[in-house]
Structures are given as C-alpha cells and as structure tokens.
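In case you want the letters, here they are:
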Amino acid sequence: MPDSARLRPVILRLPPEVVNRIAAGEVVERPAAAVKELVENALDAGALNISIAIEEGGLKRITIEDDGCGLSAEDLSVALERHATSKLVPDADGRVDLLNIHTMGFRGEALPSIASVSRLRIVSRAAGEAAAEIYSEAGRIDGPKPAAFTGRSETGTRIDVADLFHATPARLKFMRGERAEALAVTDVVKRLAMANPGVGFTLENNGRNVLRYAPEFDDEAGRLARLGAIMGREFSDNAIAIDATRDGTRLTGFAGLPTLNRGNAQMQFLFVNGRPVKDRMLTGVVRAAYQDFLARDRHPMLALFVDVEPEEVDVNVHPAKTEVRFRDGASIRGLMIGALRHSLADAGHRASTTVAGFALGRARPEAAQAGLLWQSPSSAAYRPVSLPRGVPEVSREPFMPNTAPAARFDEQKSQPHTGEFPLGAARAQVHETYIIAQTADGIVIVDQHAAHERLVYEAMKRQMEDGGVRRQALLIPDIVEMSEDEAGRILDRADDLGALGLEVEAFGPGAVCVRATPALFGEMDTAGLLRDLADDFAEYNAGLALKERFEDVMGNMACRSSVRAGRRLNGDEMNALLRQMEATPHSGQCNHGRPTYVELKLADIEKLFGRR
C-alpha cells in the first residue's frame, strides 16, 4: 500500500471522564493511596481528629471523617472538578508559585480522580453554613443538596468511597489480597500520624479497631510519645534526640541506639516539611552515620524530620507526592549525617535497655548448685598482645599491671563507691570473660573482650585522625578500566579519596590510574574498590566503600589486639576498664553493634526472686 494511502492519525481531545480515570491510575493506584490523599485533605483543613474505616482492605469501602473547617455547598460543587483547589492562590499578577507549597496537597486531582473510579459521597458543613452533600458515581455527579451532618463537631467533613475501581474492573485484577491492602493502609496512616502528633487518629478494618492514637502535645515529648506508640516502647526508651540546624534547614527527630537494631530498614522514616517521603538518600545517610557501630546486615531504628524553606525543595516531582527533590541535596545530607553522629557520640557508653529486658526474659529460677561457676578475680601474669606490623601501638595504660604478679582481689582494700560511677565498681570476674560490677541501683555485666575491642578501635581512629592516613606508593601504578561516567565520579572526588590514602588521577577516557593506596590495607583489589566507590558516589553521593574498608581492617586489628576472653583481670584492671568505658564514646556496643555490657536493675532482680 502506498504511503499516501495510509490513514493519517488524528489528534483528539479525550473526554473528561477518561482524563480523570487516567489521572486516577497515577494518583490512586491502590486503596492506601486514596486514604493518603483524603487524610492529607483533612489535615490541610485543620482537623484535630481523623477517623478512618475500611472494609475488605479499602476496596469495598473507605470512610474518612474529620473535624476540620468543612466545605460549603458552593465549595462542594467545585471540589470534584479537575485541578480545582483552595491551596494555591494566585498573586496580584495571576501567577501561582509551585515552589512555595505550604500544604500537603495542592494539585486538585485526588477528589475527581477517586470520584471517577468509585461511588463517592461527601457530606460537609462549614462554619455558619448549612450542611450539604454531593454524590458521584464513576464521574456522574448529583448535587450538591442539603443534608444532615452527624459529625463529632460543629464543622467537618465525612467522605465515603464505595466500590473503589468498580468503573475500571481491569485495575482490580492487579490488586493484592485484602490483608496486603489493609496493611498498606495501616502503614500510610501510621506515617501520617507520626508526622502529626497533635492530631488524633483512629483506624478500623472490617469493624475491628486497628489503630487508636490520642492527640499529643506538639512538642518533643509529644512527638516521642507518638513515635513510641507506633514504633514500639523499646524505641522511645532507647532513642536519642536529634536537633541540628544548617543554613536555615532544621533537622529534628529521634534515632535508636546502635544496640537497638533490626534485620531490615522498615523502621526508618523521613519527613520533609511534615510530609512522609521515601528518599534513597536516607539509606546512604544511615549507612554513613552508623557504619562504625553496626554490621552491614543490621539496620537502626529512626525517624527524622527535615524542616526547610519551601523554595528549597520540590514536592511536585511525583504524582503521589511520595518523593521530593532538594535544591542542595549535599547540604541536607551533610546535616543529617553530622547530626546523627553528634547525637550518637553524646550517648556515650549508653546501651539499649532491650538487652537487659531480653536477659531477664530468658532468666529462669533454678535450684542452687553446689559448684557455682564464678570466681573472684585473682592475679595473673600479664600477657601483652602484639599488634600487627605497621599498626601504631595503642595506649592501654589503664590496663598495664605491674611486672610482678597482680594481687588477688581483696575485699578489704579500698574500692570505688558504687554510686560514684555510672558503671559502678568491679566485684568479680565470671568465667574469666565477664566482669560483674555493682552500681547504686543494680549490677552491670561487662563482656571484657567486646568492651576493650571498642576502646582499642576508638583509639586507632583517633590516632589515624591525628596522624593522617599513611600511603603506600605502588611501584607499578594500577590502571583501572571503567565507563566514562564511573571514572568521572571517581576523579571528581580525587581530593577526598587522597585524604583517605587513595591517590588517583585520570588516564585517558574511561580509565583511572591508581598511584597509591592506604598502607593499612596491604595487598588489595584496587579495581573492585574503585567500582564500589563509583557505585556509592552514584547512589549515596559518598565513598562509603573506602571508609567501610578502613573500619573492617581496624576492627579486625582491634579484635586481635584487645583483652581476650579467658584472661584473668585483677580488681584495678577491671575498674580501669570500666572507667575508660565511661569516658569513651560508643563504648556501649562493639564494632558489630553487639552490646558490651548489660545492666540489671535491683528491682528487676528482686522480681526474679519473688521479692516484689
């Protein structure tokens, strides 16, 4: 067939109901998305109490009731029109600033999108107005007309969404099971509740109460109480406060101690200007801040809140507004990493209380045994541990006994008063591995090897920071072939890598010449390290692979050069170890996130023996 005979496609305007259904596919891809949009509308209306009820995971029915400012009959007639909103007000010249958003919603797409694929009914009453309702079925509108309003306050709105996606049955084939959809709705409500502690939330599923959060004071204590209700009491008991400011951006929130960790990152939350968002940057931030304290397969619990000028963040980059883009992402990232590290350092030797709770939960009363497996510390010949060649000797003066055999622990000798120090005074050594110390209101059990490993590791870090990283020049430089993009990312940060002992320079398109490597590493896979670094720079904007390699090497050295399990310590050595733990940041956990000590309160011990 000749080209001239072919039919020429004609551009047509789509009917409004089709446009709304297409928009619904972007904005309302599942019931949880509809709940998110409607709850955000309630928050923008100033609601202080929001009730959500769903049936069959939200596919059969979604009902949301709030005590916000409400809508008049005139507003209802416009609310279901596409791109009609009260949240964007033109200036004197008629221009609307999309980079100055102060509300949760702003596009005016949610209500018409939901109405186009469901049976939607809205009943609302504004101050000084009569209640009115409007009904829409698959985009066909009836109303507004007078109605009876049975809300909990004088003003508010009740939205009822029935048979979601009934107008697009093909979409129903892609929905997950009822339980999965209900869990997704629960997650959305939890995130919005975390961001708004001053608002009360309730959620019911098939008539059964799922969540109930009373309004909290909108301050640090109220936020922590709300986070504890959602993330668990163990988080609120073991969270450290975050509060830092840089260039007009403020970061607040709470982060869990390293010893409180999970096998996945589901308990890590980020909020920007009160909006729950998902950002890959958070993964890199957490990894960089906690890399000294946790193994790579463990993840801390935290909730961070970024407050930034609206002009510095673009919230209009995702249809569901779950992603944002910062104008200066590197500054935000630096603020978050610095604040987390500073707060973790301020935590000092503190360890998670969940460790003690687990120990108490595992304890079982047993009959007394004739041969107790404990012994008081006695003298032992000092066996110095030699560090690997090339590693500076770490000062361990508090643990250096006299050349003569150490004296046996003498109860009559003057010992530190238990109330003088947070970790108390040493009383015994069990199995030549664990130190038992008495505090003012309980006991502390210290893993001597894990504790000293952390102390040696921190000393190594300080020495490296003071003396710099020693380089080992390569007799024959390594030429690493990479893509041009990967090579560019490496060379752009050549100065930063040089400060860590890795000297690189360009060697033609798509190639990097490595002239020196950190002496601490010895022989290494240079090409593999550079590719890992290029991936880190692309995903996290930081060279985490090199820093983690340093930590692995120093961690192994610290492990080999620390006081070993099975070595007897005298009383002075044990107390010196306790005092140095109190003075060293992060001494509450070893380099892999495991606790170095467990504290048991006297009241808990008395409960074990039936004294309380």
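Going by the structure above, here's the rest.
Quick summary incoming for the structure in this document. Owing to the predicted nature of the structure, the values given are computational and were not obtained by experimental measurement.

Looking now at the overall build of the chain. Secondary structure assignment for the chain yields 18 helices and 24 strands. Every one of the 612 residues in the chain was classed for burial, and the buried ones make up 47%. When contacts within the chain are restricted to residue pairs at least 6 apart in sequence, those whose partners lie at least 24 apart make up 72%. If you sum the accessible surface of the chain, you get close to 30800 Å²; carbon and sulfur atoms cover 50% of it.

Strand order in this open sheet of three strands is S21-S23-S22, and the pairing throughout is antiparallel. The open sheet is flanked by strand S21 (471–481) and strand S22 (503–506), the only strands paired with a single partner. Sheet twist, expressed as the mean angle between neighbouring strand axes with direction ignored, is 20°. In this structure, S22 lies alongside strand S23 (residues 511–518), joined through four bridges in antiparallel fashion. The partner of alanine 506 across the bridge, within S23, is valine 512.

Here the focus is the sheet that holds strand S9 (residues 239–246). Spatial strand order, S9-S10-S15-S12-S13: five strands in an open sheet with mixed pairing. Looking at strand neighbours, the two that pair on one side only are S9 and strand S13 (275–277), the edges of this open sheet. If you compare each strand with its neighbour and ignore which way they point, the axes differ by 20° on average. Sheet topology note: the strand S12 (residues 268–272)/strand S15 (residues 302–307) ladder contains five bridges and is parallel. Bridge pairing in S15 links glutamine 268 to leucine 302.

By the definition in use, this model includes one aromatic pair. Ring centres of phenylalanine 271 and phenylalanine 305 lie 4.7 Å apart, and the angle between their planes is 10°; on these two criteria the pair is classed as stacked. Taken together, the residues phenylalanine 271 in strand S12 and phenylalanine 305 in strand S15 connect sequence positions 34 residues apart. Each of the two residues, phenylalanine 271 as well as phenylalanine 305, counts as buried. The lysine or arginine in question, arginine 579, covers the ring of phenylalanine 421, its NZ or CZ lying 3.8 Å from the ring centre.

Glancing now at unusual backbone geometry. Phi is positive for asparagine 206, close to 55°, though the residue is something other than glycine. Tracing the backbone shows asparagine 206 in the loop between strand S7 (200–205) and strand S8 (208–213). By relative accessible area, which is 43% here, asparagine 206 ends up partly exposed. One non-glycine residue, glutamate 432, adopts positive backbone phi at about 55°.

On to the packing of helix H9 (residues 280–290) against helix H10 (residues 329–346). Packing of H9 against H10 leaves a shortest axis separation of 9 Å and a crossing angle of 35°. When you trace H9 past H10, the crossing you get is right-handed. Residue-level inspection shows Met281, Leu282, Gly284, Val285, Ala288, Ala289 and Tyr290 of H9 in contact with H10, the latter providing Gly329, Ile332, Arg333, Met336, Ile337, Leu340, Arg341 and Leu344. In terms of residue class, the contact of H9 with H10 is made up of eleven nonpolar, two polar and two charged.

A few words on the pattern of salt bridges. Under the criterion given, the structure shown has 22 salt bridges. We note a salt bridge from glutamate 40 to lysine 36, for which the minimum N-O separation is 3.0 Å. Placement of the pair is glutamate 40 and lysine 36 together in helix H2 (residues 31–44), with a separation of four residues, close to one helical turn. Judged on exposure class, the residue glutamate 40 and its partner lysine 36 are both buried.

With that out of the way, let us pick up the nonpolar core. By size, the foremost hydrophobic cluster in this structure holds 59 residues, and its most contacted members are Val39, Ile50, Ile52, Phe201 and Met231. If one sorts the elements of this core by residue count, helix H6 (residues 178–195) sits on top with nine residues. Once you skip the residues sitting within four places of it in the chain, methionine 231 turns out to touch Met194, Met267, Phe269, Met301, Leu302 and Ala303.

What follows is about H2. Helical periodicity: at 3.6 residues per turn, an α-helix aligns residues three or four positions apart in one direction. Compared with an ideal rise of 1.5 Å per residue, which puts 14 residues at 20 Å, H2 spans 20 Å between its outermost C-alpha atoms and is within 8% of the ideal. The element H2 is largely enclosed, with a buried count of twelve among its 14 residues. Along H2, the residues that are buried comprise Pro31, Ala32, Ala33, Ala34, Val35, Lys36, Glu37, Leu38, Val39, Glu40, Ala42 and Leu43. Note on H2: the residue one or two positions beyond its end, glycine 46, has a positive phi of about 85°.

Glancing now at H9. Of all the eleven residues making up H9, eight are buried; the element is thus mostly covered by neighbouring parts of the structure. When H9 is considered as a whole, its buried residues turn out to be Met281, Leu282, Gly284, Val285, Val286, Ala288, Ala289 and Tyr290.

What follows is about the environment of isoleucine 159. Assignment of secondary structure puts isoleucine 159 in strand S6 (residues 156–162). Given a relative accessible area of 10%, isoleucine 159 falls into the buried group. C-alpha of isoleucine 159 to C-alpha of aspartate 66: the two residues are 93 residues apart in sequence and 9.0 Å apart in space. Residues in contact with isoleucine 159, not counting those within four places in the same chain, are Leu38, Ile62, Thr63, Ile64, Leu111, Leu120, Arg121 and Ile122.

All right, on to the pairing of S15 then. Regular strands have side chains that alternate between both faces of the sheet. Extensive coverage of S15 is indicated by the burial of five of its six residues. Note that strand S10 (residues 249–256) and S15 share six bridges and pair antiparallel. Looking at the pairing, arginine 250 lines up with aspartate 307 of S15.

Among the six residues of strand S2 (residues 61–66), five are classified as buried, and the element is accordingly described as predominantly covered. Pairing between strand S1 (residues 49–55) and S2: six bridges, direction antiparallel. Looking across to S2, one finds that isoleucine 50 is bridged to aspartate 66. The hairpin formed by S1 and S2 contains five residues between the paired strands, and glutamate 56 there has a positive phi angle of roughly 55°.

This part covers the environment of threonine 283. Along the chain, threonine 283 turns up in helix H9. A sequence separation of 15 residues divides threonine 283 from glutamine 268, and the C-alpha atoms of the two residues are 8.8 Å apart.

Here we take up the side chain of threonine 252. Position of threonine 252 relative to the elements: it lies in strand S10. Among the polar contacts made by the side chain of threonine 252, one reaches the side chain of arginine 223 at a distance of 3.1 Å. Not counting the four nearest positions on each side in its chain, threonine 252 is found in contact with Arg223, Ile242, Asp243, Ala303, Leu304, Phe305 and Asp307.

How each quantity is defined
- Residues numbered from 1 in each chain as written.
- Predicted model: local features only at pLDDT ≥ 70, side-chain atom pairs only at ≥ 80, totals over all residues.
- Heavy atoms only, no water.
- Helix = DSSP H or I, 4+ residues; strand = E, 2+ residues; numbered from the N terminus.
- Buried < 20%, exposed > 50% of the residue type's maximum accessible area, 1.4 Å probe, protein only.
- Contact = heavy atoms within 4.5 Å.
- Areas by Shrake-Rupley, 256 points an atom, 1.4 Å probe, with all protein chains shown as cover.
- Pairing = 2+ DSSP bridges.
- Axes fitted to C-alpha atoms, helices over the stretch in contact; angles between N-to-C directions.
- Phe/Tyr/Trp six-rings, centres within 6.5 Å; stacked < 30°, edge-to-face > 60°.
- Lys NZ or Arg CZ within 6 Å of the ring centre and 35° of its normal.
- Left-handed = near helix turned anticlockwise from the far one by under 90°.
- Nonpolar A, V, L, I, M, F, W, Y, C, P; charged D, E, K, R; others polar.
- Salt bridge = Lys/Arg side-chain N within 4 Å of Asp/Glu carboxyl O.
- Core = buried A, V, L, I, M, F, W, Y, C linked by side-chain atoms within 4.5 Å.
- Expected span 1.5 Å × (residues − 1).
- Polar contact = N/O pair within 3.5 Å; in protein donor to acceptor, adjacent residues only side chain to side chain.

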